[in-house]
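Here is what each chain is made of, one letter per residue.
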Amino acid sequence: MGSKKEKTAPPTPKKEQLEVVTEILISGEVRTPEVTAGALEEKWAYTLPEIPLAPLSVMQIYKLIEMEVLEEAYLNLLSLRLEFQHDQKALGEEASSVELSHKEKDLNLLYRALWNKLTDIVRQSCALPSRNKELLVLVACIIEEEEKREGDLGGMVGWRKAWREAVQEGLKDTLKGVHLDSHEQSTSWLAVHLGLLGKAIVEDLEKVKIELVSSYPPSFNVFETYVSSCHEVVGEHLKGLLGKVTETKDYHALLDFIIHRYQSEKVMGSISLQPELKEEQRTLTLDGDFLDQIKTGYCSRMQADVRSSLDKVIELEHEEMWKDSRKPDIDEDLYNSHIHMDIWTNIKGKFQAARGLDVNLEQKVMCTCLDELNKFPRRFESAFVEWSSAVLDSPLWAIYHVTYINSFSALKEHMEGYSESCPQQVEQLGKEVDGLIHRLSQALVEHFKTDVKPFLRRMMTRKWLSSDEDFQQLAKRVETLSQQCKHMSPQHAQELVSEVHYFVVKEYISQLMKNNYSCKNRKNERAASKMSEQWGELRELFQEMNSEENWLYPVGDHLSKIVGQKTKSEIKNNLKPLIDDYPDIGKKHLSAVLYFRGMIRGRERQVILQKLTELKRLHSNAGNMQHAFFTEIQPAVNTDCLANMPFSCFSVLIPES
């Protein structure tokens, strides 16, 4: 392996001590004299012992390195290096020889062995601080000596960098040794691991502060180097952990460790690391978008959790309510379902959890969760419609519709509190909820319409005049709906009542326009009385329902009076109040009313219709058309050949009075 192989065995490891000063440990604490940086450097001044004129053999030097007899090994290595430099100089810069080449290889071999030994010592310094304490003194001295000789022939460069890398490798070994369960072994695997990780970091840095700092000269900035290296190593370790994270709680644990726990008194802010560890040095610095990557994963997992919890809401509603056809509870006089509170509580909890991590993250979580919630109304509707189609004839069908109108209305109110943070999502949710409430309300209205139409169609007929059965069935269903609306949120109840009120009035009056029956032999008076009585009952029902469609009440009174009048002059006198309230009544509408009264044809009928025309012209000039009613009703076509004869044909028969 080169020159000096025939030298005697290496001397004993006992050797001349380096001239260094280290602090003495008392009761586990470092006693640091108050001296200046310059004084500290002076205390660390190292006088290199005399370099041997002739080095030991390569094998002997190698064994000294392996035995960690570092000072003697290093002095002999320097001797070999000087010998190599002398030989190189003697041969000239461009000259070469086999022996010189071998010697250069030997130098490289020994320097690499020394390099590896020093990095091993540094790497294990936290694990074995007492054993390595004196060795670290030699490590620091060798590094400084090599830095002085940097650029000289035969040596190596990058010693300080290698030392820092060894520090990092030692910290990596510490973190690798921290216990880590798998997902299957423990549901709290990551939270437990991060807790142990923080404890291990504190313990290592305590060893550095108490036992290792005194082994190095101040220029090494040992504690600061370990802290900054710790940030890098922890960051790399967390990247490895992220690949194992699949659940929200683990994302939360990871973010909490990075954002809060790491720099708190639990780890970097530990009282045992003060005052050396400054506050500005505590924050964990992560590469690139790593933190954003974790936050994005956290939000995505949150969204999936919301989707799953909303599915469970539907499942729970099916199990607890639909499956057994259970009647909803009444809370504060409203049919109530727990779904809006379940959803709000669940989502609010997620928002609060995110807020505990980071305010900006909270907003991102809000918007993500609300995006998912926007899809829920239609998913719920699909499941509800599928179930409710089987109970269409049950009273529960309508009660459940009222219940969910109330629940989703309450859910919308809860979520409006987040409109400032997520305006677009809250606005979209409002639209989705309003759409569902409208469809539920329309289903109720259409169900009611379908239910009562057969009874309404038999109004103003011969049977109607002789029997109250159909009207009582109509009134009964209006009363049932009225009771249901009492348990509906007022805003939506009012909208539904208004639509139903208009429908019932319109359909009831429409029967007058169909020419299904004509009252003869003075039956008009009995018909008018019955109309008036029924109209009064309908008025009471809709007033009890707090209908705001007050403009609908007079129409029945006006028409029942016209039907019941005995003379044309009495009928004509009742036209003006009718036109004042309902200016859109047409000639065909009045013609149908007169037909029902029994005035099918004749001069008097035409006079009344002419009077209507005149009054409408006068009213048209007044320009009062607040509501449209009769324009929505299609009157029957009168097939009487004289019914539509121009009034001028009868004028010669009509007295001027």
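These lines cover the structure that appears in this document, whether it is placed above or below. Since we're looking at a predicted model, the values are computed, not measured. (Residues numbered from 1 in each chain as written. Predicted model: local features only at pLDDT ≥ 70, side-chain atom pairs only at ≥ 80, totals over all residues. Heavy atoms only, no water.)

Here we come to the overall build of the chain. Across its full length, the chain holds 24 helices and four strands. Considering the chain as a whole, with its 657 residues, one finds that 48% of them fall into the buried category. Within the chain, residue pairs in contact and separated by at least 24 positions form 78% of the contacts whose partners lie at least 6 positions apart. Accessible surface, the chain as shown: approximately 32600 Å² in total, 49% of it carbon and sulfur. (Helix = DSSP H or I, 4+ residues; strand = E, 2+ residues; numbered from the N terminus. Buried < 20%, exposed > 50% of the residue type's maximum accessible area, 1.4 Å probe, protein only. Contact = heavy atoms within 4.5 Å. Areas by Shrake-Rupley, 256 points an atom, 1.4 Å probe, with all protein chains shown as cover.)

The next thing to look at is the pattern of salt bridges. What the rule picks out here adds up to 38 salt bridges. With a closest N to O distance of 3.9 Å, Lys431 and Glu427 form a salt bridge. Remark: Glu427 and Lys431 occur in helix α15 (residues 423-457); sequence separation between them is four residues, near one turn of the helix. Salt bridges here are not isolated pairs; linked through shared partners, they connect Arg307, Asp311, Glu372, Lys375 and Arg379. (Salt bridge = Lys/Arg side-chain N within 4 Å of Asp/Glu carboxyl O.)

What follows deals with the environment of Met599. Note that Met599 resides in the loop between α23 (587-597) and α24 (603-622). Look at Met599 and you get buried, because its relative accessible area is 8%. Along the sequence, Met599 and Lys568 sit 31 residues apart, while their C-alpha atoms lie 9.9 Å from each other. Beyond its immediate stretch of four places on either side in the chain, Met599 contacts Ile571, Leu594, Glu604, Arg605 and Ile608.

Take the environment of Gly235 next. In this structure, Gly235 sits in helix α8 (residues 222-242). Separated by 50 residues in the primary sequence, Gly235 and Thr285 place their C-alpha atoms 7.3 Å from one another. Each residue touching Gly235, except ones within four places of it in the same chain, is listed here: Leu284, Leu286 and Phe290.

Right, let's get into the packing of aromatic side chains. Under the counting rule described, the total for this entry stands at 30 aromatic pairs. Centre to centre, the rings of Phe376 and Phe408 are 6.0 Å apart; their planes meet at 25 degrees, and the pair counts as stacked. Of this pair, Phe376 sits in helix α13 (residues 376-388) while Phe408 sits in helix α14 (residues 395-415), and the two are 32 residues apart along the sequence. Side by side, Phe376 and Phe408 carry an identical accessibility label, which is buried. Seen from their ring centres, Tyr502 and Trp551 are 6.2 Å apart, and the 35 degrees between their planes marks the pair as tilted. On the criterion of sequence distance, the pair formed by Tyr502 in helix α18 (residues 490-510) and Trp551 in the loop between α19 (523-544) and α20 (553-564) is long-range, its members being 49 residues apart. For Tyr502, a relative accessible area of 23% puts it in the partly exposed group. Classification of Trp551 as buried rests on a relative accessible area of 17%. Of the aromatic side chains, those joined through ring pairs into one cluster are Trp322, Phe376, Phe380, Phe384, Trp387, Tyr400, Tyr404 and Phe408. The ring of Trp115 has Arg112 lying over it, and the distance from NZ or CZ to the ring centre is 5.2 Å. (Phe/Tyr/Trp six-rings, centres within 6.5 Å; stacked < 30°, edge-to-face > 60°. Lys NZ or Arg CZ within 6 Å of the ring centre and 35° of its normal.)

Looking now at the nonpolar core. Tyr508, Ile509 and Phe630 are the most contacted members of the largest nonpolar core, which has 190 residues in total. If you tally residues by element for this core, the top one is α15, at 12 residues. Setting aside chain neighbours within four positions, we find Phe630 in contact with Ile509, Met513, Val555, Leu559, Leu578, Tyr582, Asp584, Ile585 and His589. (Core = buried A, V, L, I, M, F, W, Y, C linked by side-chain atoms within 4.5 Å.)

What follows concerns helix α12 (residues 359-373). For α12, with 15 residues, the first-to-last C-alpha span of 21 Å sits near the 21 Å given by 1.5 Å per residue. All buried positions along α12 are accounted for by Leu361, Glu362, Val365, Met366, Cys367, Thr368, Cys369, Leu370, Glu372 and Leu373. Where α12 is buried, its residues meet α9 (248-261), α10 (290-322), α11 (339-355), α13, α14 and α15. Capping the start of α12, Asp358 holds a side-chain oxygen 3.2 Å from the backbone nitrogen of Asn360, two or three residues further along. (Expected span 1.5 Å × (residues − 1). Polar contact = N/O pair within 3.5 Å; in protein donor to acceptor, adjacent residues only side chain to side chain.)

Running from N to C, α11 and α14 cross one another at 25 degrees; their axes reach a closest spacing of 8 Å. With respect to α14, the element α11 is oriented roughly parallel. Where α11 crosses over α14, the handedness of that crossing is right-handed. Facing Ile339, His340, Met341, Ile343, Trp344 and Ile347 of α11, the residues of α14 in contact are Tyr404, Ser407, Phe408, Ala410, Leu411, His414 and Met415. Counted by class, the contact of α11 with α14 contains 10 nonpolar, three polar and no charged residues. (Axes fitted to C-alpha atoms, helices over the stretch in contact; angles between N-to-C directions. Parallel < 35°, antiparallel > 145°, perpendicular 65-115°, else oblique. Left-handed = near helix turned anticlockwise from the far one by under 90°. Nonpolar A, V, L, I, M, F, W, Y, C, P; charged D, E, K, R; others polar.)

None of the figures reported here should be taken as evidence of function without further support.
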